[in-house]
Structure formats: C-alpha cells, structure tokens
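Structure assessment
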Amino acid sequence: EVLVLTSEPKVLLLNDTMEAISNFKPNSQNQYFWSISSTDNGLLLGGNERYGSVGDYNYATFIKGYDLAGNANNTNRDVGVTNLYCGSSPTVDYNSWTAPFKVTYHDIKAKVKNFGSTVVENLNLNIDFGILYIPNWCPLDQRFSKYYSNLNLQPGETKEILWGNQDVFYFIDPSGAVDFCVWTSLPDRNLETNNDNDISCTEVLVAAHESHPIEFQAFFNPVADEVYLSFPSDIELEKTTISVFNTAGQLVFYEKMASNTPLDFSQLTDGMYLLRGSFGDRIGWAKVVKY
C-alpha cells in the first residue's frame, strides 16, 4: 500500500496497482501540510500552522496523527485572547540610540480563554511590530513571543495574563493611534482547533510631544559628495542623529553624529533628499539636492 499527500490537501491510500482504496481531507484551517509517513496504526502528517490573523501572525511546525479513516488523534486545543489593554499611557524616548523614536508600552495584559474541552497548562502569547530595517545595520526583529506555564486554565475559564512592558522602535514619529494585537499559539505545544478566536486587537494612543524645532543648515547645496551640517551652539552633536529620506519617504541612511564630520552622499543617486535632525525632543529638517 502507498500513501500519497496531495496539494488540496488530501490523503490517498493506494493499493499495489495504484488504485485508491480510501482517501480523506485533513482538517486544514490555517494548516499547511508538506510530509506524510505511515505508522503501525495510522499515519503522521507534518506541516506548518498559522496562529493569529492574516495581518498579525506566526507559524509553528507540527506533526499530526491520523488513523486510516481520517480521524485525527486528540492532540488539539482551543485557546484565544478575548481582551487586551495597557495599564498606563505609553512613553516615548525621542533620542534613542537604536532609532529616532522608542515607545515603551506599559503593563500589557491579555485575557485568555480556554474555548476547548481540555485543561491547558502552557501557551505562548505573541505581538508583532514587524522588522525595522536600519540602513547599514542589522534588521531589528520586533516580533515578540513569551511562554507561560502552569496556567491550569480549565475548559470555559478566562484568566488575565501579564505581559509587562514592551519597547518598540520607530523611524517615523508614532504619535497617534497605534494598532496593537496579541494572539495565542502552541497551547500545551499542540495545535489549535479554531484559529479565528486566537487574536485580540486594540488601539493604543501614543501622545504627541510638544515640538521645539531645531534650525540647522546643510551645505554645500547642491552637493556632489559630502554634506556639512551647521547646528545651533546649544546642540550637543554626540546626542544628535540624522536621518536621510528620499522623495518617496524611504529612509536612505541613518547616522549618529559623533563630531561635525560631513555626511557621505557619494553613493546616492542624483535627486532631492530630506534630512531630519533629532536631538532629544527637538526635531528639524533640511533639504539637499544631489547632482
């Protein structure tokens, strides 16, 4: 006998003349199967499962057991986040060394419910702020996950889980309403029977800061290779950062000012660029044309 896994997905059991003896479709909600093997009393399917929503998610690899009639072994759980909130308003550092803006979300808490019929002891909570691509530096992965154990979450029970504080970095001023989502995954290191109730989202208000602009100059302008910057005397250069954007709003490069050294524009294509200078909560802009 031969086992075949198709892309539908469907499992086919064939005899030695390659005729189908039986077939079944495995439960595949947000599950992607890519391997199959036989056991003494059934078969095993391997694949990936998506937790969360289409926009906020992560994946985990799994091995799932079935009998030859297509009945899955009882290894699944069903847990989800029903509510999400922060205990106090986020705080913003406007001169982080990693990026121009660092937001600290305080006292993050999630209410988690066991929708299944089996006690759940362990699970993961996940938050996804994406990957921050920092020019000339390693990408900063801001997809976070925390493991919680000994929950003793009974069927139908809801418990509040504390995530705590979380730092998130931004290149663009995050003031305003920020979408914030948390979801569960890997309950007791098993699969989910229903991914639709994994996730809960809310909006968190990041307060705007009072602006105290910096006035600085860029010269020579237009520029061929190097741009020199002139700052007011009360600005400490070693605490100042410069972000360079193209006209499409894309960050081209980011530099921390160690001294009054020029910016290297020699590798940039011709065109107009916007320079943003940041010193504490003070921000200023200058325009440069490269030729």
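All of the points below concern the structure found in this document. (Residues numbered from 1 in each chain as written. Predicted model: local features only at pLDDT ≥ 70, side-chain atom pairs only at ≥ 80, totals over all residues. Heavy atoms only, no water.)

Here we look at the state of the cysteines
Within the structure shown, the criterion is met by one disulfide. Disulfide partner of Cys181: Cys201, at an S-S distance of 2.0 Å. Measuring the twist about the S-S bond at about 110°, one finds the Cys181-Cys201 disulfide to be right-handed. Taken as a pair, Cys181 in strand β12 (residues 176-185) and Cys201 in strand β13 (residues 199-206) lie far apart in primary sequence, 20 residues in all. Unpaired in this structure, Cys86 has its nearest cysteine sulfur neighbour in Cys181, at a distance of 12 Å. (Disulfide = S-S within 2.5 Å. Helix = DSSP H or I, 4+ residues; strand = E, 2+ residues; numbered from the N terminus.)

Some remarks on the side chain of Asn124
Here Asn124 lies in strand β9 (residues 123-132). A distance of 3.3 Å separates polar atoms of two side chains, one belonging to Asn124 and the other to Ser145. Filtering out sequence-adjacent residues up to four positions away, Asn124 remains in contact with Ser145, Lys146, Tyr147, Trp183, Thr184, Ser185 and Arg189. (Polar contact = N/O pair within 3.5 Å; in protein donor to acceptor, adjacent residues only side chain to side chain. Contact = heavy atoms within 4.5 Å.)

Observations concerning the sheet that holds strand β14 (residues 217-219)
Read across the open sheet, the three strands follow the order β14-β15-β18; overall the sheet is antiparallel. Edge strands, defined here as strands with exactly one partner in the open sheet, are β14 and β18 (263-264). Direction of pairing for β14 relative to strand β15 (residues 226-230): antiparallel, over a ladder of three bridges. Across the sheet, the residue bridging to Gln217 is Ser230, located in β15. (Pairing = 2+ DSSP bridges.)

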